[in-house]
Amino acid sequence: MSLNAFITEETIAGDADGPLAGTTVAVKDNISTEGVRTTCGSAMLESYVPPYDATVVERLKDAGATIVGKANMDEFGMGGTTETSAYGPTKNPVDEGHVPGGSSGGSAAAVAAGEADLALGSDTGGSVRNPAAFCGVVGLKPTYGLVSRYGLVAYANSLEQIGPIARSVEDAAALLDVISGPDPRDSTTRFDVGGEDAESETGAHPATDSNYAAAADGDVDGTTVGVVTDLLDGADERVVERFEAALDDLRAQGAETVEVSLESVEHAVQAYYVIAMSEASSNLARFDGVRYGESGGFEGNWNDAFARAREEGFGEEVKRRVLLGTFALSAGYHDKYYKKAQDARAWVKRDFDDAFEEADVLATPTMPVLPPALGDSLDDPLQLYLMDANTVPVNLANLPAISVPAGEADGLPVGLQLIGPKFGEEAIVRAASAVEA
Ligand code: GLN
């Protein structure tokens, strides 16, 4: 039985040689592929064929990879289970009665099932790490500005990055080596002209002198791992048990663990959803049936035609978010919601800065729960949003984080999340490779 991991199965061959020659890759369906339909999991884009490749797709081809298809996803990345896809849900290959997580659920399921060696997902609030955790594979969300977003269909552009999914930490890191680096078409990757806070004094992009795959050496002797106590309280006991066992294991390998508290994370889910929905309401305005998207027909005036295209093309969750985001940004409410959320975002950033004074990397369970049964989450959006408690703080602070398998509970995978300081990808890859060992 098919897992429904792909929306479109089509082979896109890369160059004959390169570091990924002979490797198959699944690409999330919100990443543009020239000449191959890119739907974002939405009926709105059912027949949309991009005229150009995303930068990451160009880099995959140059590296010799073979793309095997466009992976299923929650509509426009809005969800955590892949059930909001207009093309039907994907099954979790570990236990087909359960969701694979999301929104990059097709990408993670394809890798876990061996339908692809590697995959690309996008992570706005956890969408690479969540499905990696639920499918028992590795997923990495890079620091904002490490990987080009050119050709990624935007959901909430200040939060999201494209990230690798693989069966091992080293493979995920090797894929990051291929896709990272500056891109003249995405100014947030341009350190030479002051992109992403112009952190680098030399103007060199952090990926220039990095070798992420080489960092997967398992050497955590002397590393200080900060355990974020605030994010353990609400988690499922079975998840916490696996998490603690993984920490024991790291200590046995010479790591030191300390407790850290991030008081602001209590507000992270609220802040994230206000910001993500606000940005979405603006980014999705282009899907009007004229500029982009299926036409709603040309009867009536422009407002009628526009409304009809969106009524027919968007699913429930997308409509809910566009409405709430528009509301949060409207005159009179802007200061009450959007500005407050931005203040909370700044607080989360400061909290992380303080925590990295005490620890090299931070650890949390990736997801506070085990993968839900298929069909269980759709009618309770709030429950679904709360599932993102451990992943969204990382996006608010634009930091890197990796989810690595930490065993199973009741036959379902549990993921451990390691968070690094800005551009600290090598540190989280190293620590994750020790968890894996
Ligand atoms: N579940 C979160 C949301 O629905 C994260 C999604 C994502 O990272 N694309 O917004």
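Report on the accompanying structure. Owing to the predicted nature of the structure, the values given are computational and were not obtained by experimental measurement.

What counts and what doesn't
Once a new chain begins, its residue numbering starts again from 1 and follows that chain's sequence as written. pLDDT decides what is reported in this predicted model: residues at 70 or higher carry local features, side-chain atom pairs at 80 or more are listed and counted, and totals for whole chains, interfaces and linings draw on all residues regardless. To obtain the side-chain values, all non-hydrogen atoms of the structure were included, while hydrogens and water were left out. Numbering of helices and strands starts at the N terminus; helices are DSSP runs of H or I of at least 4 residues and strands are runs of E of at least 2. The globule rule used for comparison is 2.2 Å times the number of residues to the exponent 0.38, while the radius of gyration itself is calculated over C-alpha atoms. Residue exposure (1.4 Å probe, protein chains only): buried if accessible area is under 20% of the type maximum, exposed if over 50%, otherwise partly exposed. Whether two residues touch is decided by their heavy atoms; if any such pair falls within 4.5 Å, the residues are in contact. In these tables, accessible area is a Shrake-Rupley quantity obtained with a 1.4 Å probe, and a residue counts as shielded only by the protein chains included in the view. Counted charges follow a simple rule, with Lys and Arg positive, Asp and Glu negative, and His plus the chain ends left uncounted. Throughout, a charge is located at the NZ atom of Lys, the CZ atom of Arg, the CG atom of Asp or the CD atom of Glu. Any Phe, Tyr or Trp ring, taking Trp's six-membered ring, that has another such ring centre within 6.5 Å forms a pair; planes under 30 degrees apart are called stacked, those over 60 apart edge-to-face, and the others tilted. Nearness is defined per residue: one heavy atom within 4 Å of the molecule or strand is enough. In protein, a polar contact means a hydrogen-donor-capable atom and an acceptor-capable atom, both N or O and within 3.5 Å, with residues adjacent in sequence counting only if both atoms are side-chain atoms; elsewhere, any N or O pair within 3.5 Å suffices. Asp, Glu, Lys and Arg are counted as charged, while Ala, Val, Leu, Ile, Met, Phe, Trp, Tyr, Cys and Pro are counted as nonpolar; the rest, among them Gly, fall into the polar class. Take the buried residues of types Ala, Val, Leu, Ile, Met, Phe, Trp, Tyr and Cys, join any two whose side-chain atoms come within 4.5 Å, and each joined set is a nonpolar core. The pairing criterion for strands is at least two bridges between them, as found by DSSP. Definition used for salt bridges: Asp or Glu carboxyl oxygen within 4 Å of a side-chain nitrogen of Lys or Arg. In this analysis an axis means a line fitted to C-alpha atoms, helices contributing only their contacting stretch, and an angle means the value between N-to-C directions, from 0 to 180 degrees. Looking down the strands as they point away from you, a crossover is right-handed if its path from the first strand over the helix to the second goes clockwise.

**Some remarks on the overall build of the chain**
Each helix and strand in the chain was counted, giving 12 helices and 11 strands. Taken over the C-alpha trace, the chain has a radius of gyration of 20 Å; the compact-globule value for 437 residues is 22 Å, and the two agree within 12%. With the C-alpha coordinates of the chain rotated into their principal frame, the extents come out at 70 × 55 × 50 Å. By residue count, 59% of the 437 residues in the chain fall in the buried class. Intrachain contacts of the chain at a sequence separation of at least 6 include 75% that bridge at least 24 residues. Of the roughly 16200 Å² of accessible surface on the chain, 47% is carried by carbon and sulfur atoms. Looking at the chain, you have 30 positive and 71 negative side-chain charges, and the mean spots of the two groups are 7 Å apart.

**A closer look at the packing of aromatic side chains**
Evaluation of the coordinates by the stated rule reveals 12 aromatic pairs. Geometrically, the ring pair formed by Y52 and Y150 is tilted, given 5.3 Å between the ring centres and 40 degrees between the ring planes. Taken together, the residues Y52 in the loop between β2 (24-28) and α1 (55-62) and Y150 in the loop between β5 (138-141) and β6 (161-166) connect sequence positions 98 residues apart. Note on Y52: relative accessible area 31%, which makes it partly exposed. Each ring, one from F327 and one from Y333, has its centre 4.5 Å from the other, and the planes form 35 degrees; the classification is tilted.

**What about the site of the ligand?**
Residues in contact with the ligand amount to 14 residues; listed here are only the nearest, T124, G125, S127, Y155 and Y272. Contact between the ligand and G126: an oxygen atom at 3.3 Å from a main-chain N or O atom of the residue. For the ligand, an oxygen atom lies 2.6 Å from a polar atom in the side chain of Y155. When the free accessible area of the ligand is taken as 290 Å², the share hidden by the protein chains comes to 99%. Across the shell around the ligand, the residue classes tally to 4 nonpolar, 7 polar and 3 charged.

**Description of unusual backbone geometry**
Of note, the amide linkage connecting G102 to S103 takes the cis form, showing an omega dihedral of 5 degrees. When you line up the elements, S103 lands in the loop between β3 (66-71) and α2 (105-112). Positive phi outside glycine occurs at T82, with the angle close to 70 degrees. Here T82 lies in the loop between β3 and α2. Residue classification places T82 among the buried positions, given a relative accessible area of 0%. In this structure, D410 is a non-glycine residue whose phi angle is positive, near 50 degrees.

**Looking at the nonpolar core**
In terms of nonpolar packing, the biggest core is built from 60 residues, with I31, V56, L60, I179 and L418 touching the most fellow members. For this core, the element with the highest residue contribution is helix α4 (residues 169-179), accounting for 7 residues. With near-sequence residues (within four places) excluded, I31 lies in contact with T38, A54, V56, V57, K70, L120, G121, G151, L152 and I162. In terms of nonpolar packing, the next biggest core, distinct from the first, is built from 51 residues, A133, A268, A276 and F352 among them.

**Focus: the pairing of strand β4 (residues 118-123)**
In terms of burial, β4 is largely enclosed, as 6 of its 6 residues are buried. Pairing of β2 with β4 involves 3 bridges; the strand directions are parallel. What sits directly across from V25, in β4, is L118. Inspection of the sheet shows β4 paired to β6 by 6 bridges, in the antiparallel sense. By the bridge assignment for β6, L118 is matched with A166.

**As for the side chain of E83**
Mapped onto the elements, E83 comes out in the loop between β3 and α2. For E83, which is buried and forms no salt bridge, the nearest opposite charge comes from R320, at a distance of 11 Å.

**Brief notes about the sheet that holds strand β1 (residues 6-8)**
By definition, the strands of a sheet pair up through backbone hydrogen bonds, in either a parallel or an antiparallel sense. Read from one edge to the other, the open sheet built from 11 strands follows the order β1-β3-β2-β4-β6-β5-β10-β11-β9-β7-β8, with strand pairing classed as mixed. The sheet is open, and its two borders are formed by β1 and β8 (256-260), each paired with just one other strand. Between one strand axis and the next, the sheet turns through 35 degrees on average, direction left out of account. Sheet topology note: the β2/β3 ladder contains 5 bridges and is parallel. Looking at β3, one finds that V25 is bridged to I67. Relative to the sheet, helix α9 (residues 335-358) contacts β7 (224-228), β8, β9 (361-365) and β11 (412-419), its axis offset from that of β9 by approximately 115 degrees.

**Observations concerning the pattern of salt bridges**
What the rule picks out here adds up to 16 salt bridges. Residues D123 and R129 are paired through a salt bridge, measuring 2.8 Å at the closest nitrogen-oxygen approach. Note on D123: relative accessible area 0%, which makes it buried. You can call R129 buried: its relative accessible area is 0%. D410 is the partner of R238 in a salt bridge, and the nearest nitrogen-oxygen pair spans 2.5 Å. Of this pair, R238 sits in helix α5 (residues 237-252) while D410 sits in the loop between β10 (401-409) and β11, placing them 172 residues apart in sequence. Taken together, the shared-partner salt bridges in this structure form one network comprising E58, D183 and R185.

**Looking at the pairing of β2**
Counting buried positions over the 5 residues of β2 gives 4, a clear majority of the element. Crossover β2 to β3 through α1 is right-handed.

Just distances and angles here, no functional claims.
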